[in-house]
Structures are given as structure tokens and as C-alpha cells.
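# Chains, contacts and geometry: an overview
Given next are the chains, with one letter for each unit.
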Amino acid sequence: MLMVGTAPSSRSSMTGWAAVLAVTMGIFSIVTTEILPIGLLTSIGSGFAVSDGTAGLTMALPGYLAAVAAPAVTVATARIDRRLMLCACMFLLASANFVAAAAPGYWAMLLSRVLVGIVIGGFWSIGAGLADRLVPGPSTRRATVVIFSAVPLGSVLGVPLGTLIGDLAGWRASFTVMGVLSTAVLVALAVLLPPLPAEHVTRLAVLRGMTRNAGTRFALLATFLIVMAHFGAYTYVTPFLERVTHVSSGMITVFLLTYGVAGILGNFLCGTAVARHPYAAFGLAGALIAFATLAFPVLGRWDAGAVALLIVWGVGYGAVPVCSQALFVRAAPHAPEAASVLFTASFQATLSTGALAGGFVVDHTSPSTIMLLAGATASVMTMTVLSRSARQRESSVKRP
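Residues numbered from 1 in each chain as written. Predicted model: local features only at pLDDT ≥ 70, side-chain atom pairs only at ≥ 80, totals over all residues. Heavy atoms only, no water.

Ranked by internal contacts, the top residues of the largest apolar core, which has 99 residues, are Leu189 and Trp313. The contact partners of leucine 189, leaving out residues within four places of it in the chain, are Ala22, Val23, Arg83, Leu86, Cys87, Met90 and Phe123. Grouped together as the second largest cluster of nonpolar side chains are 14 residues, Ile44, Ala101, Ala103 and Met178 included. (Core = buried A, V, L, I, M, F, W, Y, C linked by side-chain atoms within 4.5 Å. Buried < 20%, exposed > 50% of the residue type's maximum accessible area, 1.4 Å probe, protein only. Contact = heavy atoms within 4.5 Å.)

Here you go:
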């Protein structure tokens, strides 16, 4: 992965912040495109005459490809200008969205999702570490926060708005709009980013070495369990709301928006706690998800109950990416960029596995069953993390 350097002194602060916003919009476009099928799953399945579980492949494919692309693109493009790589990724994203919008068959839809996966791995492996090459040193931390704010915003704004567009004009219109947005971001990146020649690279040997670290292995285990639980259930929350809660298609957007706003709250609350108590914060996030998913088959049958549980669920999941990445960085403080690559690859691979496994369960049982299985998995994660948190406290007390 690119190791960040010092921002050129000749580059004005205003121009640098414009470049930061362009990168932020790129990540927003990627996040929204990746999870957009969650709100459109039933419509996409109906459009191609496939089951909800089969339609769930639109969520599974990008994550698997991103898990491979994150380290592969990092190494393969080590000597290529970073601006060129970001623009190439955004061109692929625009193409993927337009292919999805015009897909004559489900095979074309899946092809578009393959392209999305490559973009996720490539763009993240480059864009996430560019802050201090775009703005002066004192502004680097703030710029990094702005860039990463695109992740919750994609859930809060992107998916509900995409779902609303799909309700009004059809699911293909949502992908068309994302194609237009991606094209606009491509132009912004080409105009606003300075030349960014590659500097240093995180090699595969560093990533392999990290997997031998006990802290990294624990981060992988905890992330696997909670991401598996979340995406196994949340990918199919729309079918649950439609079939069990009997929410109208127009109100689905409101429900998802409520969840998204809760997610931003969870992200903010976690940011203040994870630095001091990373394991306790992660365990609490898992407990909230476990409670919400286990209660959904019972309380989620009514609108008020479903909304309340989505709020709890959103607060819990809003903390998950922050907590997970914190554990990876904590395990390898000497190689934060490599930790970020491993976090991205593991997160995306598990996201896809959860969506795929959830689709199998939904097709062969019911949306309620997947909620219960997700709750059980999240409960195991919670007990595992809180147990480690207790051991950490005991060790700190025993130290002289």
C-alpha cells in the first residue's frame, strides 16, 4: 500500500481540501454502489425472475473480489501514479453501474458486480492513505476523518435515496444515477488531484507476517463473527420487512433511513470509547446486534417494534468498522497501512460470505430464521470479545 508522504508546500490548503472532498465522494460512490442492492433486492430478483437468495449474489460477489483486489492491486500497481489509479477505478465504477442499469440478463448484473469488487479493493488500498499528501500536516487528521465519513454517509444517504429512486422509477434508474455520479467524481478526481507518484509499498510478506500475530488473529475472528452475523441478516432485511412486518414499499426507505441515522450515531459514540476500551466497545456493539436480530422475529412483526430494533441494530453496527479496524491497528502499530489492507480484505470477504449464507438460509427457510441465526452468531462474538476484555483488565491489574 502507498505510504503517505509530506504534502507539497506549494499546494494551497483550499486546493488540497477540494482534492480531499473528491476522494471522499469517490468512497461515497463506492460504498453506495456496493450496498445499494440491500434496498432493491426484491425488485432486482423480480426483474430477473430469481429468488431473493440468488439476488443476494449481487452483495456477495463484490466483497470476494475486493478481498482479493485489496492486496493484489496494492502490489501490482506499486509504481503507477496514484491519481491515474483512482481515476481508473472510478471509470470502472461508472461502467459497472451503467452495465447494471442496462443488464439484459442476470449474468450481466453479476458481471457489473465483479467490476465493483475490483474497484473497492483498488480504490480503498490507495485512497484511504492519501490525506497527508493532499493537505498540510496539521490538517491530516481532520482530512482523514472527512474521507472516512463517506462510509456511514453511504449507508445513511446513499442506500435510502437509491431505494427511493428505485421505488419511483425502477431499480435500473438507481444504478443509472450512480453511474452519472461516478462519472462526475471521475472528472473531479482528474481535475482536482495533483500528480501522486507512488512512493513505498506494503509487500505481501508483511501481510503474511501479520497473520502470525495473536492480536491480528483475534481481530480476524471477532470481525468474521460479527460481520457474518450482520450481513447474513441485514442483506435480507427488506424481504423481512415486506413479508413479516408487511411494510409498504414506499415506507421501506424510511425504515432504512432510520437505521442509517442510528448507524452514524453509533459511529460517533464508538469513536469516543474505542481508544480507551476497544474490546468492551466492540463487545457492546456485538451485543446490540445480537439483541436486535434475536428480537426481530417477535417484535419486528409490528412497525413500531421493527423501527425500534433497527435503531438498536444501527447503533451497534455503526460501531463495528471503527472497532474492527482499531483492533487490527492495535495488533500491528508498526504497520498501520498493512493493517488497513488486511482489515479491508477480511471485512469484504466476510461480508460476502454472510450475504451468500443468508441467501441460502432465506431460500430454504424464512427471513425469521436468518435473524435468529445471526443473533446466535453475534452472541458468540460478544462473549468472545468481552471475555478477552476481562482478561486484558486482569492482566493490567496484576502488572506492578
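Moving on, there is more to tell.
Chain-level statistics for the chain give a pLDDT mean of 83 and a share of 89% at 70 or above. Here helix H8 (residues 140-148) stands out as the element of the chain with the lowest mean pLDDT, 70, in contrast to helix H10 (residues 171-192), whose mean of 94 is the highest. Per-residue pLDDT stays below 50 along residues 1-11; that stretch engages in 41 contacts with residues further than four places along the chain or on separate chains. (pLDDT = per-residue confidence, 0-100. Helix = DSSP H or I, 4+ residues; strand = E, 2+ residues; numbered from the N terminus.)

Turning to the environment of tryptophan 313, a few remarks are in order. Take tryptophan 313: it is sitting in helix H16 (residues 303-331). A sequence separation of 23 residues divides tryptophan 313 from alanine 290, and the C-alpha atoms of the two residues are 8.3 Å apart. Dropping the residues within four chain positions of it, tryptophan 313 is found in contact with His230, Ala233, Tyr234, Val237, Tyr259, Ile289, Ala292, Thr293, Phe296 and Met371.

Our focus in this paragraph is helix H2 (residues 37-48). With twelve residues, H2 should reach 16 Å at 1.5 Å per residue; the first-to-last C-alpha distance of 13 Å falls well below that figure. Three or more residues of H2 are buried, namely Pro37, Ile38, Gly39, Leu40, Leu41, Thr42, Ile44, Gly45 and Phe48. Phi turns positive, to about 60°, at alanine 49, one or two residues after H2. (Expected span 1.5 Å × (residues − 1).)

Close contact between helix H1 (residues 13-35) and H10 brings their axes to 9 Å; oriented N to C, the two are set at 155°. One element, H1, and the other, H10, form an angle in the roughly antiparallel class. H1 and H10 meet at a crossing whose hand is left-handed. Residues Ala18, Ala19, Ala22, Val23, Met25, Gly26, Phe28, Ser29, Thr32 and Thr33 of H1 touch H10, and the partners they reach there are Met178, Leu181, Ser182, Val185, Ala188, Leu189 and Leu192. (Axes fitted to C-alpha atoms, helices over the stretch in contact; angles between N-to-C directions. Parallel < 35°, antiparallel > 145°, perpendicular 65-115°, else oblique. Left-handed = near helix turned anticlockwise from the far one by under 90°.)

Applying the stated criterion across every chain yields a total of eleven aromatic pairs. A ring pair is formed by phenylalanine 231 and tyrosine 317, whose centres lie 5.7 Å apart and whose planes are at 90°; its orientation type is edge-to-face. Note that phenylalanine 231 is positioned in helix H12 (residues 214-234) and tyrosine 317 in helix H16, a separation of 86 residues in sequence. With relative accessibility at 5%, the residue phenylalanine 231 sits in the buried group. Judged by centre distance (5.8 Å) and plane angle (70°), the ring pair of phenylalanine 296 and tryptophan 313 falls under edge-to-face. Placement of the pair is phenylalanine 296 in helix H15 (residues 278-299) and tryptophan 313 in helix H16, with a sequence separation of 17 residues. The exposure classification of phenylalanine 296 matches that of tryptophan 313, with both residues buried. In textbook terms, an aromatic cluster arises when at least three aromatic residues are bridged by ring pairs, as seen for Tyr234, Phe240, Tyr259, Phe296 and Trp313. Arginine 388 extends its terminal NZ or CZ atom over the ring of phenylalanine 218, reaching a point 4.4 Å from the ring centre. (Phe/Tyr/Trp six-rings, centres within 6.5 Å; stacked < 30°, edge-to-face > 60°. Lys NZ or Arg CZ within 6 Å of the ring centre and 35° of its normal.)

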